[in-house]
Amino acid sequence: MDRLLGKAMPLGSVMIDIAGTQLTSVDKERLLDPLVAGVILFSRNFESVEQIMDLTTQIHQIRHPKLLIGVDHEGGRVQRFKTGFTRLPPMGAIGRYYQQQPDQALELAEKVGWVMATELLAAGIDFSFAPVVDLDYGDSRVIGDRAFDADPKVVGRLATQIMKGMHSAGMASVAKHFPGHGYIQADSHLEVAVDDRGLDALLQRDIQPFLTLIEKGVDAVMPAHVRYPKVDDRPAGFSKTWLGDVLRQKCHFDGAVISDDLSMHAAVEFGDAPTRVKSALEAGCDLVLLCNAPESVDEVLAKVEWQATPLSHSRLIRLHGHPHIKMKQLATNPIWQSYALAVSRFTEQDQQAALKL
């Protein structure tokens, strides 16, 4: 197997996960499959900064062009790596700060995006699935304080600053969850999620932050595993109407479309794993996630045949990270020192305030 490492082959279209903190021979075999495009990492894959750097180096050395490495590292309750990384606030805390001091909040959001991206890039991660641009309607069990605000304009402004910080650090951005997951209570990880609003209502509110980020150059969009039956009976990530007619044509988005995890409950009812993967790709996804289901990964790699278009492949290539600062240089870098301190202080103050409630 090791003699195959560094093998030249184009990126595939499926992002998978691994079980532990090191690559096994089974992991390496899966990652050499032509259908695979990258790896999504979770908390279980992390022990220390040094360990995660070793792991990402191994993954990147397996193929050329190198496999993509992504992680959910938004801040708040969704931050996979903690020890050795700056603790990031939930986006809802930045939204509340915006109501008090908008200029300072916009500045903080850019610093959060830069710190998050700089640290992850230094550790060998290509991108974080961020920013979240769902609206906070107050009832969503899965979104909650992951959303900045209920006002589409505020969400667009703050998310733009997060993206600006990510871009200046050398990291691509991923806006999620199109066309909006904040309106409904259901958690699509665990249950079927349905939003009964029509396209006009979504265009007027929930889609507005996506349009803002598309205009500013967002690199990728992740569709929601939510059904909007007044538009299409299939969830957005399986829908040619949503991904083709609305996102590509109406919203003029030309970046990468990345599915949410196809192992989530709201996706599982749409067929076995190979069927789900093929349906998402045929609907217009450039990259699909298949997590926490190794048997399904093996089934997909054995049964699914898919040849990505050159355009789709180029969209994924643009998601590779371009780090400007090495991990060993962070501690002496004055910008990182200043930004990380500001972010850490804000996060600590927000946590203290939450304890008093």
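A brief look at the structure comes next. (Residues numbered from 1 in each chain as written. Predicted model: local features only at pLDDT ≥ 70, side-chain atom pairs only at ≥ 80, totals over all residues. Heavy atoms only, no water.)

Our focus in this paragraph is the packing of helix H4 (residues 102–122) against helix H14 (residues 334–356). At a minimum axis separation of 9 Å, H4 and H14 run at an interaxial angle of 115 degrees. Our classification of the angle between H4 and H14 gives roughly perpendicular. Crossing angle aside, the handedness with which H4 passes H14 is left-handed. Between H4 and H14, the contacting residues are Leu108, Lys111, Val112, Trp114, Val115 and Glu119 on the first element and Ile335, Trp336, Tyr339, Ala340, Ala342, Val343 and Phe346 on the second. Taken together, the residues of the contact of H4 with H14 break down into 11 nonpolar, no polar and two charged. (Axes fitted to C-alpha atoms, helices over the stretch in contact; angles between N-to-C directions. Helix = DSSP H or I, 4+ residues; strand = E, 2+ residues; numbered from the N terminus. Parallel < 35°, antiparallel > 145°, perpendicular 65-115°, else oblique. Left-handed = near helix turned anticlockwise from the far one by under 90°. Contact = heavy atoms within 4.5 Å. Nonpolar A, V, L, I, M, F, W, Y, C, P; charged D, E, K, R; others polar.)

This brings us to the environment of threonine 24. Position of threonine 24 among the secondary structure elements: in the loop between strand E2 (14–16) and helix H1 (25–31). Owing to a relative accessible area of 40%, threonine 24 belongs among the partly exposed residues under this scheme. Taking the C-alpha atoms as reference points, threonine 24 and glutamine 185, 161 residues apart in sequence, are found 39 Å from one another. (Buried < 20%, exposed > 50% of the residue type's maximum accessible area, 1.4 Å probe, protein only.)

If you check helix H2 (residues 49–62), its first and last C-alpha atoms are 20 Å apart, about what 14 residues at 1.5 Å a residue would give, namely 20 Å. Regarding H2, the residues found buried are Val49, Gln51, Ile52, Leu55, Thr56, Ile59, His60 and Ile62. Angular distribution of buried residues about the axis of H2 spans 165 degrees; they occupy a single face of the element. Turned more than 90 degrees from where H2 packs its buried face, Glu50 and Gln61 sit exposed. Considering only its buried residues, H2 is in contact with strand E1 (7–8), H1, strand E3 (36–41), strand E4 (63–64), strand E5 (68–71) and helix H13 (327–330). (Expected span 1.5 Å × (residues − 1). Arc of directions from axis to C-beta.)

What follows deals with the packing of helix H3 (residues 91–100) against helix H5 (residues 152–169). Contact geometry of H3 with H5 gives a least axis separation of 11 Å together with a crossing angle of 115 degrees. For the element pair H3 and H5, the recorded crossing hand is right-handed. Packed against H3, whose contacting residues are Met91, Ile94, Gly95, Tyr98 and Gln99, the element H5 presents Val154, Arg157, Leu158 and Ile162 at the interface. Its residues placed into classes, the contact of H3 with H5 shows six nonpolar, two polar and one charged.

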